[in-house]
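Okay, here's what each chain looks like letter by letter:
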Amino acid sequence: FTTSSSSKNIEQDDDCQSAKSLNELGRETFNFLERVKDPTKLDSKYIPMPWKKERAKGYTKTYFRDHVTVKLEAGNGGDGCISMLSAFRKQFAGPDGGDGGHGSHIIFKATYNKNNLSHLASSVRAEHGAPGRNKQRHGADAEHLIIEVPLGTIFKYNDKDVGSLDVENAMYLAAKGGAGGKGNMFFTTAIEQAPLVAESGGQGEKFTYDIELRTMADIGLIGYPNAGKSTLLRAVSRARPKVAPVPFTTRNPHVGVIQYADYFQLAVADIPGLIEGAHLNKGLGHAFLRHVQRCSGLLYVLDTSQPEPWQQLDVLRRELEEYESGLSMRPHAVVANKMDLPEAQANLAELQRRVDLPVIAISAKCGNQVQELISLLRWLTEQNNKRPQYRRPQDWWDDETSAA
């Protein structure tokens, strides 16, 4: 590891209530890196769990989705029936038209079984209620459509937050189904004993929601295009993003999971490359920066083989701050990648002098210092006080038992 002697004291945004200043973060990062050098002083929880089988070949065909726009159409109610009964030995037995069934609601349910929104379709239609029939037969109600989403899902309508699911099994009624229409039997009175009128079924609600995840990953890999972020994600996890020696190979985020010895799972997101002017939406900048917002911590990946790699860090920080104040101040670390190249070795000394945080020199392609980086990612995640702590029901039971 290489460290820098200089540091900058940058004021924190009010949104990051417990985020540490750069000089404090730099000192604590340096102290942790010193502990990593001696495994006997390192807690076992920072040790990654070894893989039990080889990684599958090829590239993954699916990617992580943290934002979708969904058009919802709830089910319509069934129409009421107009019918006059003609029974044996009673030709005019009166009205017998049944009511229509109720249309299906569309409900979203929070669950641990989902971790992203890739399973959601762009258009969802619920079933309609069955119409009423003669002989007083009411139409069947449509079964409600329940769609599972991850915890931390936010629902927006017309750019306003209208709901969020932060507890397991919590539900959000997104669109109500229409009520079933009444048959002519319902309108029978002492005066009007043979009504020839019935109701049409109610129309189901139609809405278009922007559905987002509050948190996409614990750590987001931030860097220029072709900086080696996808290679790094393949090195630290079993994810299989596409890797190629061309810019913008990654156009959608990929998420890998790191498992530690204490069975803790840490999600790492490969964010598509950012360029100068991304906050002005250059190079799909807004779409890519939106993914950064949903990462609890950041890992700046610098291509050390390029001339003046320290300017990459300045540009990345500036773009994050221009997009959202305080975004670059989330718990973060700096990685000097591609140290297997001669050009990177020549730039390392100047990079460490100009950067205000400890610089971790790695080679994602060769695997150099990757295990130490995995330990640092676990420690970095613990520094983020903003990370939502979703608790399972058994955790609540354990608290109640200990309190008793």
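The structure we're discussing is the one just above.
In what follows, the accompanying structure is described.

The rules behind the values
Residues numbered from 1 in each chain as written. Predicted model: local features only at pLDDT ≥ 70, side-chain atom pairs only at ≥ 80, totals over all residues. Heavy atoms only, no water. Pairing = 2+ DSSP bridges. Helix = DSSP H or I, 4+ residues; strand = E, 2+ residues; numbered from the N terminus. Axes fitted to C-alpha atoms, helices over the stretch in contact; angles between N-to-C directions. Salt bridge = Lys/Arg side-chain N within 4 Å of Asp/Glu carboxyl O. Buried < 20%, exposed > 50% of the residue type's maximum accessible area, 1.4 Å probe, protein only. Core = buried A, V, L, I, M, F, W, Y, C linked by side-chain atoms within 4.5 Å. Domains from an automatic or database assignment. Polar contact = N/O pair within 3.5 Å; in protein donor to acceptor, adjacent residues only side chain to side chain. Contact = heavy atoms within 4.5 Å.

Our next topic: the sheet that holds strand S10 (residues 206-213). Ordered by their spatial adjacency, 5 strands build an open sheet running S5-S1-S10-S7-S8, and the pairing between neighbours is mixed. Pairing within the sheet leaves two strands with one partner each, and these edge strands are strand S5 (123-125) and strand S8 (160-165). Averaged over all adjacent pairs, the angle separating strand axes in this sheet is 30 degrees, with direction ignored.

Let's shift gears to the pattern of salt bridges. Within this structure, the stated rule accounts for 14 salt bridges. Taking the shortest distance from any N to any O, the salt bridge between lysine 45 and glutamate 382 comes out at 3.1 Å. One end of the pair, lysine 45, is in the loop between helix H1 (22-37) and strand S1 (67-73); the other, glutamate 382, is in helix H6 (residues 370-383), and 337 residues separate them in sequence. Note on glutamate 382: relative accessible area 32%, which makes it partly exposed. Arginine 354 is the partner of glutamate 350 in a salt bridge, and the nearest nitrogen-oxygen pair spans 2.6 Å.

Moving on to the nonpolar core. With 83 residues, the main nonpolar core has Leu72, Phe108, Leu120, Ile211, Leu232, Leu299 and Leu373 as its most contacted residues. If one sorts the elements of this core by residue count, H6 sits on top with 7 residues. Counting only domains with at least three residues in this core, you end up with domain 1 (22-48 + 216-385) and domain 2 (67-213).

This part is about the side chain of lysine 338. With respect to the helices, strands and loops of the structure, lysine 338 is situated in the loop between strand S15 (332-337) and helix H5 (342-354). For lysine 338, the side chain forms a polar contact with the main-chain oxygen of asparagine 226, separated by 2.9 Å. Ignoring sequence-local partners within four residues, the contact set of lysine 338 consists of Asn226, Ala227, Gly228, Asp303, Ser305, Ala344, Ile362 and Ser363.

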